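# Coordinate analysis (summary)
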Amino acid sequence: MNSSWRQALTERGARTEGDRVTGFGDSQREVQAGAVATTLTALLSQGLIMTSGEDAQAFLQGQLSNDITRVSRSRAQLAAYCTPKGRVLATLLLWNTEDGYVLELPRELCDSIRKRLQMYVLRSRVQLTDASDQPAVIGLVGPDAAVVVRSELGIALSSDYDVAQSNGLTAIGLPGGRVQVIADVVRGVETWDRLARSCVAVGEEIWDAHAVAAGIPAITAATQDQFTPHMLNLDLVGGVSFDKGCYTGQEIVARTQYLGQVKRRLARFATTARAMPGTPVYADAAPVGLVVNAARSQAGEFELLAVTQTQATQSSAGGAVLRLGADGPALRPLVLPYSVPDLRHAGDGD
């Protein structure tokens, strides 16, 4: 962890636990502020892998689920890194810099994913570097986040996954009213102070809650190798290309797409207790799913994304009870901001 960046945050009132900002004051006040104001946090929990070299694009094209040729200095994208059996090891946000491609993922996975990718470099002219401690990564959340970035930093973003640069800063628009700003630590501290004039400083959970509300999953150590991209709805949110060449796990992903064999999908729920990634979801004393991500919502309860059997999800919408764990609280189904296919008649093969 970059000690200068962490120290600057501490001096500004940040509380941290490990590689995560937990808050800047009263947590309930922060949740309430997130409902009415643009909030500001430091994304210490995110890791970065820099992929550079003459063959970087071709290498990533053969490893990741999306079409890397469409990533540019002005456009970021989601992608999955899968096993040969099509199970997701990491969900990634990618963007391009003058030095190469940046892969963003949870910091806890950064070292293992970099090492796994390194195994496949072979003779390719590619360098993979853990760059997690080099920049400051700042997150803004709220309906006016892009407006604040334009007014305070002079950077204009018009849609999700837009990328723009100015004065050593890179800004990326993301679903859920989120904007991410990346800078070196010196510029990062200056940028934080400028943005803090218009935003309320909060813990990372506010950022996570908006990702959950947007239906954008993030694989963590507890959920690696559990799901295919379709189960995570990555095919619905632009995380998979079906007209590119081969990549690791592509055969399974393509077969799922063209045969329609999806029996589990990502769904959104609310509950009264905190959920953790990897917690099972039950219906009638039988496990029917697994929690992927969760965070406290603006309403004070907890929202989560879970991959569940589609039949169970549809039953819950009709009044059947799903629970967090075998004896935990009930889960209340919530809508996602994008359409999910009706898969009640899908065949086997999930």
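Heads up: these notes are all about the structure in this document. It should be emphasised that the depicted structure is a prediction, and the values quoted were computed from it without experimental measurement.

### A short note on the overall build of the protein
- Across its full length, the protein carries 9 helices and 19 strands.
- Dimensions of the protein along its principal axes, counting C-alpha atoms only, are 55 × 55 × 35 Å.
- Here the protein holds 350 residues, and the buried ones make up 54% of them.
- Counted over contacts in the protein with a minimum sequence separation of 6, partners at least 24 positions apart contribute 71%.
- If you sum the accessible surface of the protein, you get close to 14800 Å²; carbon and sulfur atoms cover 47% of it.
- On the protein, the mean spot of the 32 positive side-chain charges and the mean spot of the 36 negative ones are 2 Å from each other.

### Details of helix H6 (residues 185–195)
- Val185, Gly188, Val189, Thr191, Trp192 and Leu195 are the residues of H6 that are buried. With its buried residues spanning 165° around the axis, H6 presents them on a single face.
- For H6, the capping residue at the N-terminal end is Asp184, with a side-chain oxygen 3.1 Å from the backbone nitrogen of Val186.

### Some thoughts on the sheet that holds strand S10 (residues 163–166)
- Taken in spatial order, the 6 strands of this open sheet run S10-S11-S12-S9-S3-S13, and their pairing is mixed. Edge positions in the open sheet fall to S10 and strand S13 (200–201), since each of these has one partner strand only.
- Two strands pair when backbone bridges link them, and strand S9 (residues 135–141) and strand S12 (residues 178–184) are joined in this way by 7 bridges, in the antiparallel orientation. When the sheet's bridge partners are listed, Val137 is paired in S12 with Ile182.
- Lying over the sheet, H6 contacts strand S3 (39–42), S9, strand S11 (169–174), S12 and S13, oriented at roughly 140° with respect to S12.
- Contacts from helix H7 (residues 204–213) reach S3, S9, S11 and S12, with the element oriented near 135° to S12.

### Re helix H5 (residues 145–153)
- Buried residues of H5: Ala145, Val148, Val149, Glu152 and Leu153, and no others. End-on, the buried residues of H5 take up no more than an arc of 100°, which puts them together on one face.
- Along its buried surface, H5 packs onto S9, S10, S11, S12 and H6.
- Phi for Gly154, located one or two positions after H5, is positive at around 70°.

### Re the environment of Thr220
- Relative to the helices and strands, Thr220 resides in the loop between H7 and helix H8 (250–259).
- Look at Thr220 and you get buried, because its relative accessible area is 14%.
- Through-space distance from the C-alpha of Thr220 to that of Thr10 is 26 Å; in sequence the pair is 210 residues apart.
- Beyond its immediate stretch of four places on either side in the chain, Thr220 contacts Glu108, Leu109, Pro277 and Asn293.

### Focus: the sheet that holds strand S7 (residues 100–106)
- As summarised here, the arrangement of the 5 strands in space is S5-S6-S7-S4-S8, forming an open sheet in which the pairing is antiparallel. What marks the edges here is a single partner per strand, and that holds for strand S5 (77–82) and strand S8 (127–130). Direction aside, the axes of adjacent strands within the sheet are offset by 30° on average.
- Contacts from helix H4 (residues 107–118) reach strand S4 (46–52), S5, strand S6 (88–97), S7 and S8 within the one sheet, and its direction differs from that of S7 by about 130°.

The rules behind each value
- Sequence positions are assigned chain by chain, starting from 1 and proceeding in written order.
- It should be noted that, the model being predicted, local features are given only for residues of pLDDT at least 70 and side-chain atom pairs only at 80 or more, the latter also being counted only at that level, while totals for whole chains, interfaces and linings use all residues.
- The basis for the side-chain values is all heavy atoms of the structure; hydrogens and waters are excluded.
- For helices the rule is a DSSP run of H or I covering at least 4 residues; for strands it is a run of E covering at least 2, with both sets numbered from the N terminus onward.
- Buried means the residue's accessible area, taken with a 1.4 Å probe over protein chains only, is under 20% of the maximum for its type, while exposed means over 50%, and partly exposed covers the values in between.
- Any two residues whose heavy atoms approach within 4.5 Å are treated as being in contact.
- Exposure was quantified through the Shrake-Rupley algorithm and a 1.4 Å probe, taking into account, for residues, occlusion by the shown protein chains and nothing else.
- For the charge count, each Lys or Arg is scored as positive and each Asp or Glu as negative, with His and the chain ends excluded.
- Lysine's charge is taken at NZ, arginine's at CZ, aspartate's at CG and glutamate's at CD.
- Our arc is simply the arc of the directions from the helix axis toward the C-beta atoms.
- Polar contacts, as used here, are pairs of N or O atoms within 3.5 Å; protein pairs need one atom able to donate a hydrogen and one able to accept it. Residues neighboring in sequence count only if both atoms are side-chain atoms.
- When DSSP locates at least two bridges between a pair of strands, those strands are taken to pair.
- Fitted lines through C-alpha atoms give the axes, limited to the stretch in contact for helices. The angle between two N-to-C directions lies from 0 to 180 degrees.

Without other data, these values stay purely geometric and don't point to any function.
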